[in-house]
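Architecture and fold: a report
This is what each chain is made of:
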Amino acid sequence: MNGNNEANGATTTAGTAAADAAPAQAMVLVEDVHRTYGTGAGAVHALRGVTCRVPRGKLVALRGRSGSGKTTLLNLIGGLDTPDSGRITVDGTPLADLGENDLLAKRRDRIGFVFQSFGLIPILSAAENVGVPLRLRKVPPREREARVALLLSLVGLADHAAQRPGELSGGQQQRVAIARALANRPALLIADEPTGQLDAETGLEVMELLRAVVRSEGVTALVATHDTTLLTLADRVLELDDGVVTVEGEG
């Protein structure tokens, strides 16, 4: 009897340890997060108790129609906004525990952002755009140039380094934006509808690039999209519907 109890206790302890370890492996943990904009009858409940996790080293797609809360959730995870309640942990650190300077450093050093609108500086070349984050960190010129060249090669634009955004196609501009987001070797890459301004074929190429980047750079990518054709490329799919995660499964 005692042997059985000890065995059961050991099993329970091992199970508990495994359960505790699993969340620790997540790059992002979102726990019962609420976010409302406005008050009274006009209040918009963007998120209504969202709980989800993004495992490390995976490409996770965040799916949902316009207005479902995707951008709100990404902004909260990226530290660009603050939830009304709930808890968000990124790379092992609860965001609520960070002061303004530490949060700024977290966004600069550990999180990369890619947006639908590309956000490139028109007067700078592709290489100069990619190098902006490195200049802000005062990375030495030789090291900066090597990193920029590596990233432009990674996204297939080694031959376009000197071209400005206006001389590039939409897909090429998004590739530059992805390279720039990777400049500081972030642990987490957040992309909000990165294919929204691209045709279907180019959008698929960009999503395939993101998947390749996850593998080669060892980052975790969280990509918001409403394009169902892109979901098959994801390791996991989260679905948001009216501010609530309704589906979480393997892509």
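Note that the coordinates shown come from a computational prediction; the quantities given were computed from them, not determined experimentally. (Residues numbered from 1 in each chain as written. Predicted model: local features only at pLDDT ≥ 70, side-chain atom pairs only at ≥ 80, totals over all residues. Heavy atoms only, no water.)

Secondary structure assignment for the protein chain yields 7 helices and 10 strands. The burial tally for the protein chain puts 43% of its 251 residues in the buried class. When contacts within the protein chain are restricted to residue pairs at least 6 apart in sequence, long-range pairs at least 24 apart make up 71% of them. On the protein chain, roughly 12,500 Å² of surface is accessible, and the fraction owed to carbon and sulfur atoms is 50%. (Helix = DSSP H or I, 4+ residues; strand = E, 2+ residues; numbered from the N terminus. Buried < 20%, exposed > 50% of the residue type's maximum accessible area, 1.4 Å probe, protein only. Contact = heavy atoms within 4.5 Å. Areas by Shrake-Rupley, 256 points an atom, 1.4 Å probe, with all protein chains shown as cover.)

Within the open sheet, the 4 strands sit side by side as β2-β1-β4-β5. Their pairing is antiparallel. A single partner strand is all that each edge strand has here, and the edge strands are β2 (44-55) and β5 (93-94). Here strand β1 (residues 26-37) runs beside strand β4 (residues 85-90); their pairing, made up of 5 bridges, is antiparallel. By the bridge assignment, valine 30 is partnered in β4 with isoleucine 88. Sitting on the sheet, helix α2 (residues 70-77) is in contact with β1, β2 and β4, with an inclination near 120° to β1. (Pairing = 2+ DSSP bridges. Axes fitted to C-alpha atoms, helices over the stretch in contact; angles between N-to-C directions.)

Here the structure, examined in full by the defined rule, presents 12 salt bridges. Among the salt bridges present, the one from arginine 35 reaches aspartate 84, with a minimum N-O distance of 3.4 Å. Of this pair, arginine 35 sits in strand β1 while aspartate 84 sits in the loop between α2 and β4; the two residues are 49 residues apart in sequence, bridging distant segments of the chain. On the basis of relative accessibility, which here comes to 14%, the residue arginine 35 falls in the buried class. Aspartate 91 is the salt-bridge partner of arginine 110, the closest N and O atoms lying 2.7 Å from each other. Note that arginine 110 is positioned in helix α3 (residues 100-110) and aspartate 91 in the loop between β4 and β5, a separation of 19 residues in sequence. Classification of aspartate 91 by relative accessible area gives buried; the value is 18%. (Salt bridge = Lys/Arg side-chain N within 4 Å of Asp/Glu carboxyl O.)

This part covers the confidence of the model for the protein chain. Within the protein chain, residue pLDDT values average 87, and 88% of them lie at 70 or more. Across the protein chain, β4 holds the top mean pLDDT of 96, while helix α1 (residues 2-24) sits lowest at 47. (pLDDT = per-residue confidence, 0-100.)

Another aspect to go through is the nonpolar core. If you look at the biggest cluster of nonpolar residues, it comprises 35 residues, and the most contacted ones within it are Val130, Val176, Ile178, Leu182, Leu189, Met207 and Val223. Taken together, the elements giving at least two residues each to this core come down to α4 (126-136), α5 (141-154), α6 (170-181), β7 (188-192), α7 (200-217) and β8 (220-225). Those residues within four positions of isoleucine 178 in sequence are excluded, and the remaining contacts are Val114, Val155, Val206, Leu209 and Leu210. Residues Val28, Ile88, Leu188 and Leu238 belong to the second largest nonpolar core, which totals 28 residues. (Core = buried A, V, L, I, M, F, W, Y, C linked by side-chain atoms within 4.5 Å.)

Where α6 contacts α7, the axes come no closer than 10 Å and their chain directions differ by 20°. One way to sum up the angle between α6 and α7 is to call them roughly parallel. When you trace α6 past α7, the crossing you get is right-handed. On α7, the residues touching Gly171, Gln174, Arg175 and Ile178 of α6 are Thr202, Glu205, Val206, Leu209 and Leu210. Grouping the amino acids of the contact of α6 with α7 by side-chain chemistry returns 4 nonpolar, 3 polar and 2 charged. (Parallel < 35°, antiparallel > 145°, perpendicular 65-115°, else oblique. Left-handed = near helix turned anticlockwise from the far one by under 90°. Nonpolar A, V, L, I, M, F, W, Y, C, P; charged D, E, K, R; others polar.)

Our focus in this paragraph is the packing of aromatic side chains. Enumeration over the complete set of coordinates arrives at 1 aromatic pair. Ring centres of phenylalanine 113 and phenylalanine 115 lie 6.0 Å apart, and the angle between their planes is 5°; this geometry places the pair in the stacked category. What makes phenylalanine 113 buried here is its relative accessible area of 18%. The exposure class of phenylalanine 115 is partly exposed, given its relative accessible area of 36%. (Phe/Tyr/Trp six-rings, centres within 6.5 Å; stacked < 30°, edge-to-face > 60°.)

Here α6 is 12 residues long and its end C-alpha atoms lie 17 Å apart, about the 16 Å a rise of 1.5 Å per residue gives. In terms of burial, α6 is largely enclosed, as 10 of its 12 residues are buried. On the buried face of α6, the contacting elements are β6 (111-115), α4, α5, β7 and α7. (Expected span 1.5 Å × (residues − 1).)

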